[in-house]
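# Chain and residue survey
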Amino acid sequence: MKVLHRSVFLFAVILLIVGAAFGQGTTGALNGTVEQGGAPLPGATITITSPALQGSRAAISNVNGDFNFVALPPGDYSVKFEMEGMSPLSKTTHVGLARTERVNAEMKLSAISEAITVTASAPAVLESTEVQANYTQKLVEDLPIPRTIQGAVQLAPGVTATGPGGAAVVGGGYAYDTLYLINGAVTNENVRGQTQNLFIEDAVQETTILTGAISAEYGRFSGGVVSAITKSGGNQFSGSFRDSLTNPSWDKTTPFGEPNQKSALNQVYEATLGGRIIRDRLWFFGAGRKFARNSPAFFTNSTISQPTNVNTDKRYEGKLTGQITQKHSLVASYLDNPNNDTVYCPFGCFESSAIDLNGRSTPSKLRTAHYNGIITSNFLVEGGYSARRLTFHGGGGDHITKNLNDARDIALGTAAFDYDNTGAGWGAPVFCGPCDDKIRENKYYQIKGTYYAATKAIGTHNVVLGYENFAESRKENNFQSGSNFLIYTHHDSPEFDSAGVLRPVITAGDEIVYTPVPTLSIKKGSDFVTKSVFANDKWDFGSHLSFNIGARYDKNDGVDSAGNPVSKDSNISPRLGVIYDIAGDGRFKVNASYSKYVSKIAETIGGAGGGGNPWYIYYEYDGPDIGGVGSGLDSFGVLTRTFQYLINQGGLGASQLITHAKVPGFNTRFDGSLKSPNVDEFTVGVGTQLGQKGLIRADYIDRKWNNFYGTFTRPHDQVANPITKVDFLDVVETANTSNLERTYRAVELQGSYHLADHLNLGGNYTYSQAKGNTVGESTGLGGFADPINQYREFKAFDRNNPSGFLPNDQTHKLRLWAGYDLGIGFLGNLNVSVLERFDSATPYSAAANVSVNNSANRYVTNPGYATAPTSALYYFSDRGAFRWEKVTATDLALNWGLPIFKTANFFVQGELLNAFNESAQTNGNTTVTVIRTARKNFNPFTTTPVEGVDWKKGANFGKPRSSADFQTPLTYRVSLGVRF
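Residues numbered from 1 in each chain as written. Predicted model: local features only at pLDDT ≥ 70, side-chain atom pairs only at ≥ 80, totals over all residues. Heavy atoms only, no water.

## Overview of the pairing of strand β35 (residues 511-514)
- Neither face of β35 is open: one carries Glu511 and Val513, the other Ile512 and Tyr514, and all of them are buried.
- Strand direction decides the pairing type here: strand β31 (residues 485-489) and β35, joined by 4 bridges, are antiparallel. Bridging across to β35, Tyr488 finds its partner in Glu511.
- Note: β35 against strand β40 (residues 616-620), 4 bridges, orientation antiparallel. (Buried < 20%, exposed > 50% of the residue type's maximum accessible area, 1.4 Å probe, protein only. Helix = DSSP H or I, 4+ residues; strand = E, 2+ residues; numbered from the N terminus. Pairing = 2+ DSSP bridges.)

Right under this line is the structure:
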C-alpha cells in the first residue's frame, strides 16, 4: 500500500507541474435504454468494462429506463445488464472519440430466457445531429491512405484538399479556421492555421472529424473540428516497431516531363510501448519517430534539379494514465518534435541563390493534462490544460546592408517574386536567417461539469456546463529579406536561356517594396485571449424525440505585437438540434439543426501591429524593360539596374513612385473593436440502419459567413510619410465589413456495410458548392483582410470583385473502399484493401490589373487620397469560369501479418497509390495580359472588353508550370515491423 500511495502521489505531483487537466476532444460517451416488454425498465444495473478503462463503471437505469456514461476513454467496451428476476444480458460496442454510442437492451424474465451475449449494432453516427466521421487506427492501417491525421481528415465527407497549398478545407470554410485537437490540445499553427505534426502515426488511436451541427462544447472555428487521441497503455503490455520505406526512384513521373529521380531510400522509424505500472491504477505509454527525408525537387518552370533538402524530423511522446481512486483519474502527456531542414525554399525557387543553404530548425513542444472526477452517480467534473510552443530558428537571407547608395549589395540581399504567376522566388532568399528566433504558442484550460437527470414528465437530460480560456501569442521580428527589400513582378515570369541561365525581366508596373522592421515586438508579443462559457443539453423526450439545446458565449480580448488594443468582442452562438425516431426503435431517424460558429480573431489579422511587423512601402517601377532572354543580365544584374533606377528617381524619397504603403501602427490601424467572423448553418439529415450490419446517412448543410475582415481607406484621412516626412500616406483601417459574401451548400452521404465477418465496405460522397467574392487567405499570408473597401472609387466597376465559384469549390468528391481479411493458415492473415477516389475539377479565373488612373487616362477624379491607385483588378471571365482537370485514382494495399510468438505478430504492408498511374492537371498558369496599345481605349467603368483587342490570355494560360501542377503519379510505399 505504501508503494501504491507513493506512486499515486508522485503521479499527482507530476500532473500539477505539467498542468491541471485537459479539455474536450479526448473522450466519448455511451448511453441507452433498458426495456422489458416494450416498456421502460428502471432499476437495472449496467456495468461497463474495457481494456481502455481502469476498473469498471456502473449505473442504474432511471425512471425512463435510460442510462448514461460520459467521459469514457475511447475503446472497445463490454456492457452488462443485470436485474433481479431478469436474465443477465451482455453486449459489446466501440466507444468512439467525441462520439455518443447507444446500446439498448430488451431484458426478459429469467424463466423465459437464459443469459445471452450479443454485439451492439446501433450506429453512433445516427445518435446525434452532429455530422461526423470517425476512423480508428485499424481502418487507417488497412486502407492505402497516409497514416497521418491529415490522411484521415481527407478521407472524410465534407473535406476537400482545395485550400492554399493543398491544405484541408472543412465545410467550405477557410483552411486556417478549422479547429485541430490532439489529446485535447489545440495544435493549429498561429499563422496558417494548419495542424502541426505533433503525433507519431502508430500512437494515434483514432480520429473524429466534425463537419456540421457541432456541439456548443467546441468553439473558435468557422470550418470544422478535427479531434485525435493517442493511445494510453493498459493492464497488458503492448507495443510496436515499424520501418516505413519510400524511394522517389520507384515512382512514376508526371506528364510535365521531369527526369526520373535518383535513388534515395527514405526510412521512417516508429516505436511504441505501453503497459501498466500498477494494475488498474497507473499506466504508461511512450512512442518515438525518426525520419530523415531527402526531398529532391526542381527549380520552378524547369527540369533542373535544385539542391536537395534533408528534413530530419524526430518526435517523442510520453503519457501517463492514473486513477487516484475509483472515481478520480488523471492523464498527462508530453510531445517533443525537434525538426531541422538542411536547405530552405518556402514558396518555390527559380535558382539556387534564392535557396537558404544554411537551413532552419522548427522545434515544437506540446504538453497536456486531464482530470476526471465522478462526484455523484449523476454528476461528473472534468478539467484540462494544454500548452503548445513552436520556435523558428534560422531560415532566410543574411542582412548584408541597408545602405541604398550601394545598389550592388542591396541587389545581393533582395528577394524577388514572380508575384502574379508562379509565386516562386529568385534573387536572394526570403526572410532573415540570422535574426531573432520567432515564437508562436498557445495555452488552454477548461473546466466543465456534466449532470444527468430524468423524470417521467420531462424525459432524460444530459446537461454539460463549462468554461474555457484560450490564449494565443506570437513574438517575432518578421524581417522579409536580408536587405529589407522585395521585388514583386506582375507580368512576365523569369525564363531560362539555352544555356540554362535564369533571365528575369522587370517591366513597367512591377514593384520595389521597402520592408524595414523599425519597431521590434514587445517581449510577450501579440496576445489574444478568448474566454468562453458553454452549456449543452442532450434531451431525450420519449422514444421518438430527442433535442440538442446548446449555446456558447465567447469573449475576445486582444492586443497586437506592439501592445495596442485590437479587439474587445463578444458573441453568443446557439446550437439547436432535433432528432425524430420514426419507429421509436433507433433504426430510422431524421434530424435538423441550426448552429452559429464564431471564430477567434485570426493572428495574421489582429497581430499585424507595429511591433515586429515590417513596413511595406511600394515603389512602382515605370522605366524601360530590364533583363529578359537575350539581355545578358542574370538575376543580380537585373536587380542592380532596378535599384539604380530607384536611386536615380530619388531613392527612398522618390515619393512620386509610391503607390501605397502599409506602415503598421502608423498608417495601418485598428479601432480596438475588431469582431470575429461568424457562420450561420442549417442542416437537415436522414439516416437508417441497413439490417444489423450497415448504415447510411445523408445530410444537407447550408452555411453563410458574416462579419468579414476588411481594410478601409477614406479620402483626406492621411498621415505624413515617416520616410520622406514631406508627403502623405493614406490611413488604412482594419475593421469588419458586410459587403462581402461567402456561402457553402453541400449534401454529404456516408455509409458502411459488413457483408461478412471478413468483408468491410464503406464510403462517402459529397456534392457541394462554395461561392462568394472573397478568398481571404493565401499560402504565404494565412488569413488576410479583404481590400475591397480600399480606394473604393477606383474599383467601382462590376468586374472588380464579382461573385462566383471560389478556389476551394469542388462539386463532387467520392471515396469508396473495401477491405477483406483472409486467413491463410499457418502463414497468418492477409488483408486486401482498395480505395477508389474521385475529385471533380477546381476553378480558376482570367483576371489581371487594368489601368484606372494614369497620365493618359483619368477615369476617376481623385476625391482626396494621398496615393491614388493606378490600377485595379479586373475579372475578364466570370469568377471560377475555368476548371482544371478532374482526378480519379485507384489505391491498393496489402497487409500481411504472421504470428511469431504467442502475442507478437510480424507484419508487412505494401501500398500502390494511383495504381493505374492516372494523370490530371490540378493547377497551372493563369497569366492574363492587358493589351497595352488598347489601354487608352479600354475604360473598365464603361467598356466591355474584347478578348484579343483589349486583353488576351497569356501564351501559357492554363498550362502546367511544374510537376507539382499534376496529381501524384504512381507511388509505392512499403513498411514492415512487429506488433505485440
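## A word on unusual backbone geometry
- You will see that Ala213, though not glycine, has its phi angle at about 50°, which is positive.
- Structurally, the position occupied by Ala213 is in the loop between β16 (204-212) and β17 (225-230).
- You will see that His716, though not glycine, has its phi angle at about 70°, which is positive.
- Within the fold, His716 resides in the loop between β46 (708-712) and β47 (718-720).
- Classification of His716 as exposed rests on a relative accessible area of 63%.

## Notes on the state of the cysteines
- Per the counting criterion, the structure on display carries 2 disulfides.
- Each disulfide pairs two cysteine sulfurs, and for Cys432 the partner residue is Cys435, the sulfurs being separated by 2.0 Å. Because the sign of the S-S torsion sets the handedness, a value of about 80° for the bond joining Cys432 and Cys435 places this disulfide among the right-handed ones. The residues Cys432 and Cys435 share a single accessibility class, namely buried.
- Here the bonded cysteines of the protein chain are numbered in sequence order, and their pairing is 1-2, 3-4. (Disulfide = S-S within 2.5 Å.)

## Some details on the sheet that holds strand β42 (residues 658-662)
- If you trace the 6 strands from one edge of the open sheet to the other, you get β28-β27-β31-β35-β40-β42, paired in mixed fashion. If you trace the sheet from one side to the other, it starts and ends with β28 (425-427) and β42, each paired once. Across the sheet, the mean angle from the axis of one strand to that of its neighbour is 25°, orientation sign disregarded.
- Where strand β27 (residues 415-418) meets β31, 4 bridges bridge the pair, whose relative direction is parallel. By the bridge assignment for β31, Phe417 is matched with Tyr488.
- In the packing of helix α6 (residues 635-648) onto the sheet, the strands contacted are β27, β28, β31, β35 and β40, and the crossing angle to β28 comes to about 80°. (Axes fitted to C-alpha atoms, helices over the stretch in contact; angles between N-to-C directions. Contact = heavy atoms within 4.5 Å.)

## Points about the side chain of Thr230
- Mapped onto the secondary structure, Thr230 falls in strand β17.
- Relative accessible area serves as the criterion here: at 1%, Thr230 is assigned to the buried category.
- Side chain to side chain, Thr230 and Glu317 meet in a polar contact 2.7 Å long.
- When near neighbours in sequence (up to four residues on either side) are disregarded, Thr230 contacts Asn183, Ala203, Val204, Gln205, Glu317 and Lys319. (Polar contact = N/O pair within 3.5 Å; in protein donor to acceptor, adjacent residues only side chain to side chain.)

## Details of the packing of aromatic side chains
- Under the definition given, this model contains 35 aromatic pairs.
- Arranged with centres 6.5 Å apart and planes meeting at 55°, the rings of Tyr859 and Phe941 form a pair that is tilted. On the criterion of sequence distance, the pair formed by Tyr859 in the loop between β59 (847-851) and β60 (871-875) and Phe941 in the loop between β64 (928-930) and β65 (951-953) is long-range, its members being 82 residues apart.
- An aromatic cluster is built from Phe347, Phe417, Tyr419, Phe431, Tyr488, Tyr616 and Tyr618, whose rings are joined through pairwise contacts.
- When the ring centre of Phe199 is taken as origin, the NZ or CZ atom of Arg315, which lies over that ring, is 5.3 Å away.
- Above the plane of the ring of Phe907 lies Arg979, whose end atom (NZ or CZ) is 3.9 Å from the centre. (Phe/Tyr/Trp six-rings, centres within 6.5 Å; stacked < 30°, edge-to-face > 60°. Lys NZ or Arg CZ within 6 Å of the ring centre and 35° of its normal.)

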